[in-house]
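# Summary of the model geometry
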Amino acid sequence: MKLLFLVNDVIYPESGIGKKIISQSNALKYIAKDFYFAFTDESFKYRNVNGVPILEKKSFFNKYFFRYRFSSLFNFIKNEGITVIYIRYTHFSSPGFISFIEKLKKIDVEIIIEVPTFPYDSEYEKLGLISKCKLFIDRKYRDKLRNYIDKCITFTSINQPIFGIETLQISNAVSRESIIRNISNLNKIEKEDLNVINFICVASLHSWHGYDRLICSLSNYLVEIESKKLHVYIVGDGPELHKLKRLVEKFSLQENVTFCGELYGYNLQDKLLHANIGFDSLGRHRSGNLSNNSLKSKEYLSYGLPVVKSHCDTSIDDFDCVFNVSANEKEIDIKKIISWYLDNQFILKKQDIANLCLNHHTWEIQMKKVFESVKC
């Protein structure tokens, strides 16, 4: 099998999505005899394929239309004899893309697309005009995908084909190397002081992360009971940051909530290693999704953290270290979460939780499922 993994976007290695893509790429190297990794350069002038620039024709509007142009990439695939292409599909159906995959089928290339989140239309409601134009083009042409795509991969729990294409659900995952490193680091950490329980929230801070629910609930919890001190670390930046800061000021929670900004590398790892509970999204219902296979939950688990969330995730919902709160605007029962954490003695089970992630949620395990399900 000669496999090409196409990411039709710029990759930022330090971002959560960037780490995910690179981890997928590393896992795919072990599956394919010959592996090619293609992604968009920041200049929007070419695609980088295993370090080789594949140039498209120059255009003044490259930044906006590059993602719809595939002529040079097709020639590369044809000349190299690629037999399978795995495409991270970020909503770029268009005349150019449909023509691209039509030509791929004519030379017998197996085509798999990964749709990270589905449905996704509602996520564009609060985005700008350019993003809405991208969605308009995508909606106009995506129904044609069924004529050429062999398999659709998603992380969302769904019981029907996507775009009329046979669909396989897998789980988001973490690199095996990262989990093993975390387990080693956890082994070196001294027993922590449970007089303070540290919550951590790592996100790009959109409304669907719902951390305003946590802040409002924290205010009421601190009024009700002071026997267990809490501290919330919010890591990241995004449209909701100013709203969250205003809420902290409104409820005078400055001593209990720290905004860390964007953290990377050692600084992020250190915060996660010393946290007690990881908070995934608490407001997915705001974007119309009650079900989501979140990458963030798996990352928290890889650091030995029990997880609190509001959406359904069938890949982890039967784990004892996962706590579901209501998928609505009701107050979160923080007292109940603290009791759950203490009763289960999760402070002593960090390595067990990380090993659970290692056994179920590595990219090697998940990507193997994909290629066991297709004829290639």
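Let me begin by describing the structure that accompanies this report. Everything numeric here is computed off the predicted structure, so don't read it as measured data. (Residues numbered from 1 in each chain as written. Predicted model: local features only at pLDDT ≥ 70, side-chain atom pairs only at ≥ 80, totals over all residues. Heavy atoms only, no water.)

## Brief notes about the environment of L205
Within the secondary structure layout, L205 lies in the loop between β9 (196–202) and α7 (211–224). Note on L205: relative accessible area 1%, which makes it buried. As a C-alpha pair, L205 and N276 span 71 residues in sequence and 20 Å in three-dimensional space. Leaving out residues up to four positions away in the same chain, L205 has contacts with Y211, I234, G236, D237, G238, P239, E240, L241 and L244. (Helix = DSSP H or I, 4+ residues; strand = E, 2+ residues; numbered from the N terminus. Buried < 20%, exposed > 50% of the residue type's maximum accessible area, 1.4 Å probe, protein only. Contact = heavy atoms within 4.5 Å.)

## Quick notes on the pairing of strand β4 (residues 52–55)
Where strand β3 (residues 46–49) and β4 come together, four bridges link them in antiparallel fashion. Across the sheet, the residue bridging to R47 is I54, located in β4. Hairpin connection of β3 to β4: two residues between the antiparallel strands, including N50 at a positive phi of 50°. (Pairing = 2+ DSSP bridges.)

## Details of the packing of helix α10 (residues 295–302) against helix α12 (residues 350–360)
At a minimum axis separation of 7 Å, α10 and α12 run at an interaxial angle of 130°. Classified by the interaxial angle, the pair formed by α10 and α12 is oblique. Every residue of α12 that contacts α10 at K298, L301 and S302 is listed here: I353, A354 and C357. Taken together, the residues of the contact of α10 with α12 sort by class into four nonpolar, one polar and one charged. (Axes fitted to C-alpha atoms, helices over the stretch in contact; angles between N-to-C directions. Parallel < 35°, antiparallel > 145°, perpendicular 65-115°, else oblique. Nonpolar A, V, L, I, M, F, W, Y, C, P; charged D, E, K, R; others polar.)

## What about a nonpolar patch on the surface?
A contiguous nonpolar surface patch, about 310 Å² in accessible area, is contributed by Y64, F65 and I130. Its place among the elements puts I130 in helix α5 (residues 129–141). (Patch = residues over 30% accessible without salt bridge, like charges linked within 9 Å, V, L, I, M, F, W, Y side chains within 5 Å. Areas by Shrake-Rupley, 256 points an atom, 1.4 Å probe, with all protein chains shown as cover. Salt bridge = Lys/Arg side-chain N within 4 Å of Asp/Glu carboxyl O.)

## Looking at the sheet that holds strand β12 (residues 277–279)
Sheet architecture is open: six strands sit in the order β11-β10-β9-β12-β13-β14, paired in parallel fashion. In the strand order of this sheet, the two ends are held by β11 (257–261) and β14 (322–324), each with one partner. Neighbouring strand axes in the sheet, compared pairwise and without regard to direction, differ in orientation by 25° on average. Across three bridges, strand β13 (residues 307–309) lies against β14 in parallel orientation. By the bridge assignment for β14, K309 is matched with N324. Sitting on the sheet, helix α8 (residues 241–250) is in contact with β10 (229–235) and β11, with an inclination near 155° to β11.

## Some thoughts on the packing of helix α1 (residues 16–29) against helix α13 (residues 363–372)
Across the interface, α1 lies against α13 with an axial gap of 9 Å and an inter-helix angle of 65°. You can see that α1 and α13 cross each other, and the crossing is right-handed. Across from K20, S23, Q24, A27 and L28 in α1, the residues of α13 making contact are W363, E364, M367 and F371. Here the residues of the contact of α1 with α13 are counted per class, giving five nonpolar, two polar and two charged. (Left-handed = near helix turned anticlockwise from the far one by under 90°.)

## Some points on the nonpolar core
The biggest cluster of nonpolar side chains holds 59 residues, and the ones touching the most others in it are F199, Y211, F279, V308, I334 and I337. Per-element accounting of this core gives the leading share, six residues, to α7. Ignoring sequence-local partners within four residues, the contact set of I334 consists of F199, L214, S217, L218, Y221 and L230. By size, the runner-up hydrophobic cluster in this structure holds 37 residues, among which are F70, Y89, I101 and V115. (Core = buried A, V, L, I, M, F, W, Y, C linked by side-chain atoms within 4.5 Å.)

## A few points about the sheet that holds β4
The eight strands are arranged β4-β3-β2-β1-β5-β6-β7-β8 in an open sheet whose pairing can be described as mixed. Only two strands of the sheet have a single partner each, and these edge strands are β4 and β8 (167–169). Averaged over all adjacent pairs, the angle separating strand axes in this sheet is 25°, with direction ignored. Bridging between strand β5 (residues 84–88) and strand β6 (residues 110–115) involves five bridges; their strand directions are parallel. In the strand pairing of β6, Y86 is matched with I112. The strands touched by α1 within the sheet are β1 (2–10), β2 (34–40), β5 and β6, with β1 carrying the most contacts at an inclination of about 170°. Where helix α4 (residues 95–106) meets the sheet, its contacts fall on β1, β5 and β6, and the angle it forms with β6 comes to roughly 145°.

## Some points on the pattern of salt bridges
Using the criterion set out here, one finds 16 salt bridges in the structure. Across the pair K243 and E240 runs a salt bridge, and its minimum N-O distance is 3.8 Å. Note that D313 and K298 form a salt bridge whose closest N and O atoms lie 2.4 Å from each other. One end of the pair, D313, is in the loop between β13 and β14; the other, K298, is in helix α10, and 15 residues separate them in sequence. An identical accessibility class is assigned to D313 and K298; each is buried. One continuous salt-bridge network, built from bridges that share partners, spans D212, E240, K243, R286 and E329.

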